[in-house]
Amino acid sequence: MFNKYRFLVAGVNTKVPLENKKMVNYINFDNAATTPSFVSVLKEILSFSNWYSSIHRGKGYKSQFSSDLYDESREIIANFVGADINNKEIIYVKNATEAINMLSNILYKENPNSVVLSTCMEHHSNDLPWRKGTIDYVKIDDLGRLDLDDLEEKLIKYDGDVKLVTVTGVSNVTGYKNPIHKIAKIAHKYNSKILVDGAQLVPHTKANMKNVNSPDHIDYLVFSAHKMYAPFGIGVLIGPKSTFKKNDPDYVGGGTVQIVTHDTVMWADPPDKDEAGTPNLMGVIALTRAIKTLSLMNMKNLEKYEDNLLHYAINHMKNIPDIKIYGDCNNIKDRTSIIPFNIEGISHESVAKILSLEYGIGVRNGCFCAQPYIQNLLQVPKELIKEKMLMPNSPKPGMVRISFGIYNDFNEIDVLIKALYKIVNNKQHYIDKYEDKNTIHRC
């Protein structure tokens with residue numbers, strides 16, 4: 001099937017060397033970590049470079065031009081994710097991780113005794129920032145999906161003390177799409193707000209925060225540009241305007257104030273108050289151009305295409321002996337284009353190394369910054385976890401992860417399937433060649 005999106009992405013025909021020095025087209029199946037750039041984004045950056053200037057810093061034409069683009073970008077962001085610009089503040093940060101940390105600092109300043117419900121399937125970035133206060137975790141079922149009954153039971157248990165339910169929109173491990181609006185409705189029923197980690201959601205499906213009067217609206221949303229074809233290090237935190245008015249900013253300095261004396265400070269209004277220093281204008285330009293490109297493609301068309309890739313890959317991988325795919329492989333309607341797997345008898349690190357050096361295929365291996373979820377899916381005994389904590393540099397349990405982008409195609413999956421068959425059928429050869437018993441397995 002012809003992929004009409006492929007030409008939109010930079011570097012898709014780049015050749016890389018194999019171990020035997022042969023040059024082959026690189027196949028990138030590691031898009032959940034970082035996507036390559038849209039060609040349109042790179043062109044936009046080059047075009048805008050002649051006009052680049054500090055924003056909100058001067059009356060010169062370039063400064064005014066840059067400032068206007070920066071300010072107008074928030075409406076582009078709001079329209080893309082269905083945020084009510086009149087009620088939501090849009091704060092630019094480095095990435096989703098910084099966004100969650102910023103929100104955590106704000107909410108704990110406001111109410112240090114509040115309870116936060118996270119889940120057992122979260123990325124570390126949506127777990128660790130909440131551990132400065134009381135945190136509990138919504139359970140997962142045997143296939144790794146969220147247990148919504150447990151969510152409601154915990155909300156009842158804490159009797160109104162849960163101020164925030166924080167959940168990933170799409171798991172970066174299994175690709176499960178969580179029913180965020182159903183979760184929001186449950187959370188709001190018990191007077192809690194909801195944060196959605198949209199790092200894997202926003203690039204792959206149509207996000208809609210909904211009107212604040214809707215019982216299933218999303219209170220807070222975070223996402224990163226580098227996972228949606230826009231490099232240059234920008235992320236977004238969206239939340240109610242009232243959240244950002246109450247407290248002093250995390251970072252202080254240029255651009256955060258209205259009046260300063262040696263005795264007092266009058267902070268600027270959000271979002272300026274929370275964007276200290278010279279903002280990452282190039283990152284914003286990249287993100288807005290990526291959003292415009294995605295919008296022209298139509299997110300529903302993109303989602304349908306990536307779903308076809310997922311179905312094609314899983315249906316072929318299921319037939320390969322000794323391959324274990326994690327998560328539900330029969331009912332995959334609620335999964336995005338992520339496939340975690342292992343090959344019996346070969347470490348995840350060696351499989352990733354073989355795919356790279358022998359076939360020019362880039363994948364991710366390890367724990368994907370979601371160690372508790374991986375430990376649960378792999379059913380790692382607590383005793384082994386304690387042992388690994390005593391020897392943190394020893395090889396760790398983990399998985400291999402394939403993750404597709406809109407530029408990947410079925411021919412690339414065919415190359416992967418052939419490679420996996422060869423690895424399984426020549427397992428001992430590859431073990432002898434690539435297994436290093438002293439390898440440090442990084443998660």
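Please refer to the structure placed before this passage.
Let us look at the structure shown here. The structure displayed is predicted, hence computed values, not measured ones. (Residues numbered from 1 in each chain as written. Predicted model: local features only at pLDDT ≥ 70, side-chain atom pairs only at ≥ 80, totals over all residues. Heavy atoms only, no water.)

### Section: a nonpolar patch on the surface
Together, Val257, Val260 and Val265 make up a nonpolar patch on the protein surface, roughly 210 Å² of accessible area in all. Here Val265 shows up in strand 12 (residues 265-267). (Patch = residues over 30% accessible without salt bridge, like charges linked within 9 Å, V, L, I, M, F, W, Y side chains within 5 Å. Areas by Shrake-Rupley, 256 points an atom, 1.4 Å probe, with all protein chains shown as cover. Salt bridge = Lys/Arg side-chain N within 4 Å of Asp/Glu carboxyl O. Helix = DSSP H or I, 4+ residues; strand = E, 2+ residues; numbered from the N terminus.)

### Here's the deal with a negative patch on the surface
On the surface, a cluster of negative charge is made up of Asp68, Asp71, Glu72 and Glu75. Relative to the assigned elements, Asp68 resides in helix 2 (residues 61-81). (Lys, Arg positive; Asp, Glu negative; His and termini not counted. Charge placed at Lys NZ, Arg CZ, Asp CG, Glu CD.)

### Thoughts on the nonpolar core
By size, the foremost hydrophobic cluster in this structure holds 114 residues, and its most contacted members are Val81, Phe223, Ile238, Leu287, Phe341 and Leu355. Once you skip the residues sitting within four places of it in the chain, Ile238 turns out to touch Ile77, Val81, Ala83, Lys88, Glu89, Ile90, Met209, Asp219, Tyr220, Leu221 and Phe223. Counting residues in each nonpolar core, the second largest holds 19 residues, with Ile91, Val93, Leu164 and Phe244 among its members. (Core = buried A, V, L, I, M, F, W, Y, C linked by side-chain atoms within 4.5 Å. Buried < 20%, exposed > 50% of the residue type's maximum accessible area, 1.4 Å probe, protein only. Contact = heavy atoms within 4.5 Å.)

### Describing helix 13 (residues 427-434)
Turning to helix 13, its buried residues number three or more, namely Lys427, Tyr430, Ile431 and Tyr434. Projection of helix 13 onto a plane perpendicular to its axis shows the buried side chains occupying an angular sector of 105°, all on one side. (Arc of directions from axis to C-beta.)

### Observations regarding the pairing of strand 11 (residues 257-260)
As defined by bridge partners, strand 11 adjoins strand 12 across three bridges and the pair is classed as antiparallel. Among the inter-strand pairings, Val260 is bridged to a residue of strand 12, identified as Val265. Hairpin connection of strand 11 to strand 12: four residues between the antiparallel strands. (Pairing = 2+ DSSP bridges.)

### Topic: the side chain of His217
Relative to the helices and strands, His217 resides in the loop between strand 8 (193-197) and strand 9 (220-224). Polar contacts involving the side chain of His217 include one to the main-chain carbonyl oxygen of Val212, which spans 3.2 Å. Here Asp219 takes part through its side chain, which lies 3.0 Å from a polar atom of the side chain of His217. (Polar contact = N/O pair within 3.5 Å; in protein donor to acceptor, adjacent residues only side chain to side chain.)

### Some words on the pairing of strand 17 (residues 399-403)
Counting buried positions along strand 17 gives five out of five residues, so the element sits mostly inside the fold. Burial along strand 17 is two-sided: the residues Met399, Arg401 and Ser403 and Val400 and Ile402 are all buried. Examined bridge by bridge, strand 14 (residues 338-343) and strand 17 share four bridges and lie antiparallel to one another. Within strand 17, the residue paired with Ile338 across the bridge is Ser403.

### Overview of the pattern of salt bridges
Scanning the entire structure with this criterion turns up 21 salt bridges. Residue Glu19 is joined to Lys433 by a salt bridge in which the shortest nitrogen-to-oxygen separation is 2.7 Å. With Glu19 in the loop between strand 1 (15-17) and strand 2 (23-25) and Lys433 in helix 13, this pair connects stretches of sequence that are 414 residues apart. Classification of Lys433 by relative accessible area gives partly exposed; the value is 39%. Among the salt bridges present, the one from Arg74 reaches Glu275, with a minimum N-O distance of 3.1 Å. Taken together, the residues span a long stretch of sequence, with Arg74 in helix 2 and Glu275 in the loop between strand 12 and helix 7 (281-297) at a distance of 201 residues. In this structure, Arg74 and Glu275 share a single accessibility class: buried. Three or more residues joined by partner-sharing salt bridges are found here, namely Arg6, Asp409 and Glu412.

### Notes on helix 3 (residues 96-110)
Between its first and last C-alpha atoms helix 3 spans 21 Å; for 15 residues at 1.5 Å apiece the expected length is 21 Å, and the two agree. Within the sequence span of helix 3, burial applies to Ala96, Glu98, Ala99, Ile100, Met102, Leu103, Ser104, Ile106, Leu107 and Tyr108. (Expected span 1.5 Å × (residues − 1).)

### Re the sheet that holds strand 14
Strand pairing in a sheet takes place through backbone hydrogen bonds and is either antiparallel or parallel in direction. In spatial order, the strands read 13-14-17-16; together these four strands make up an open sheet with antiparallel pairing. Across the chains shown, the open sheet's two edge strands, defined by having one partner strand only, are strand 13 (323-325) and strand 16 (364-366). Direction aside, the axes of adjacent strands within the sheet are offset by 30° on average. Bridge analysis of strand 13 against strand 14 gives three bridges, and the strand direction is antiparallel. Paired with Ile323 across the two strands is Ile343, which belongs to strand 14. Lying over the sheet, helix 8 (residues 299-317) contacts strand 13, strand 14 and strand 17, oriented at roughly 15° with respect to strand 14. Relative to strand 14, helix 12 (residues 410-425) is tilted by about 15°, and along the sheet it contacts strand 13, strand 14 and strand 17. (Axes fitted to C-alpha atoms, helices over the stretch in contact; angles between N-to-C directions.)

### Brief notes about unusual backbone geometry
Omega for the bond connecting Pro270 with Pro271 falls within 30 degrees of zero, at 5°, which places this linkage in the cis form. Tracing the sequence through the fold places Pro271 in the loop between strand 12 and helix 7. With a phi angle near 75°, Asn298 is a residue other than glycine that sits in the positive phi range. According to the relative accessible area criterion, Asn298 is partly exposed, its value standing at 35%.

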